[in-house]
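Here's the letter readout for the chains.
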Amino acid sequence: MINPLLIPILGISCGLLAIIGGVFVRPWFKLKERQMEIEAQMVAEKAAQYAAQTERLEQRVRVLERIVTDRGIAVADEIEKLREAPLN
């Protein structure tokens, strides 16, 4: 048999728990959610920076590949001519 005194204590405890949850727990969850949003924005910005840097490096590599493949022999000849030229 349930003690009749436990029913009001249980009711008051549930009410207090709801109040505590609304006053303390909900703002804490909102704070954590905001922190995660800010962190996600920072990660997205970093990813964009890395993507831009990668694109620049890829463009430079394409230029180097074009130079080497289009003028590979001519570049080697020019280097040799520079080695043979006397220093003044």
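Relevant structure appears above.
The text that follows walks through the structure, step by step, so that each part is easy to find.

**Let's talk about the overall build of the protein**
Inference 1: Of regular secondary structure, the protein possesses 1 helix and 0 strands.
Inference 2: Counting all 88 residues of the protein, 0% fall into the buried class.

**Thoughts on the pattern of salt bridges**
Inference 1: Under the defined criterion, the tally for this structure stands at 2 salt bridges.
Inference 2: The salt bridge involving R34 is made with E37; its shortest N-O contact spans 3.3 Å. Of this pair, R34 and E37 are both found in helix α1 (residues 6–84), 3 residues apart, which corresponds to roughly one turn of the helix.
Inference 3: Judged by its relative accessible area of 43%, R34 is partly exposed.
Inference 4: Among the ionic pairs, E55 bridges to R62, the shortest N-O distance being 3.3 Å.
Inference 5: R62 sits in the partly exposed class, given a relative accessible area of 44%.

Rules used in this analysis
Residues numbered from 1 in each chain as written. Predicted model: local features only at pLDDT ≥ 70, side-chain atom pairs only at ≥ 80, totals over all residues. Heavy atoms only, no water. Helix = DSSP H or I, 4+ residues; strand = E, 2+ residues; numbered from the N terminus. Buried < 20%, exposed > 50% of the residue type's maximum accessible area, 1.4 Å probe, protein only. Salt bridge = Lys/Arg side-chain N within 4 Å of Asp/Glu carboxyl O.

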